[in-house]
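Examination of the molecular architecture
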Amino acid sequence: MIEYKGNTEIISMGISTYVSHAKPNQVKTAICAAVDNEKETHHALQLVADDNLNIFKNKVTFYHHGRITAGNLGSGKINELREFVAESYPKIIDEKRFNLGTLMNDHLWNLDEPDVIKVMENFRPAPQICIYLLQKIDEKISPDFC
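So, here is what we can say about the structure in this document. Please read these numbers as outputs of a predicted model, since none were measured by experiment.

So, how was this worked out
- Residues numbered from 1 in each chain as written.
- Predicted model: local features only at pLDDT ≥ 70, side-chain atom pairs only at ≥ 80, totals over all residues.
- Heavy atoms only, no water.
- Core = buried A, V, L, I, M, F, W, Y, C linked by side-chain atoms within 4.5 Å.
- Buried < 20%, exposed > 50% of the residue type's maximum accessible area, 1.4 Å probe, protein only.
- Helix = DSSP H or I, 4+ residues; strand = E, 2+ residues; numbered from the N terminus.
- Contact = heavy atoms within 4.5 Å.
- Arc of directions from axis to C-beta.

**Considerations on the nonpolar core**
- Grouped together as the largest cluster of nonpolar side chains are 17 residues, with contacts concentrated most on Ile-11, Ile-31, Leu-45, Leu-47, Phe-62 and Phe-123.
- If you list the elements that add at least two residues to this core, you get β3 (28–36), β4 (41–48), β6 (59–64), β8 (97–104) and α3 (114–123).
- It is α3 that provides the largest number of residues to this core, a total of four residues.
- With residues near it in sequence (within four places) discarded, Ile-31 still touches Met-13, Gly-14, Ile-15, Leu-45, Gln-46, Leu-47, Ala-49, Leu-53, Phe-62 and Phe-123.
- Leu-81, Val-85, Ile-92 and Phe-98 belong to the second-largest nonpolar core, a separate cluster that totals six residues.

**Digging into α3**
- Taken as a whole, α3 has its buried residues at Val-116, Val-119, Met-120, Asn-122 and Phe-123. Buried positions in α3, seen along its axis, are confined to an arc of 160° and lie on one side of it.
- On its buried side, α3 packs onto β2 (7–18), β3, β4, β6 and β8.

This is the structure:
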C-alpha cells in the first residue's frame, strides 16, 4: 500500500513468463503492476524484465523504455513523452529511458522497506504521464487514473 493524493492505494504486482505472437520461441519475463484506489482498478505497468532490468553486481535498476499505451485508445510518442516528463518530473529520466528505481540484491526485498516502496510507487503511472495521456490520447480517460 502507498499513500497518493491523500488516499491509500494498493499496488499489486505479478511476475510471469510470456511470449509474443511474432516471436513464439522467445520466452521473456514480465513484471505487471496494477493499482486499486478504491474507485477503480487499472493495469498500470507491463515491464519486460529481460529488456528493462539492469543488474550490476548487487544492484538491480528498473528502467522503462517510455513506450506507453492506453488500452485500445492508442499510444503516445516516446519523444513527446520524454520532453513532457523532462519539464515536469526530470529526476526519472536517465538518458533514453525512465529510471524507476534501484534495489540492492543482497537481501530479500520486503514491501515495507523505503527503497522497495519507492520502486513500487514508480510502478504507478506518474501524474505527469497521466496528464500526457489525457492531453495526447483521449480526454475521456478518468482523472482518477492520475
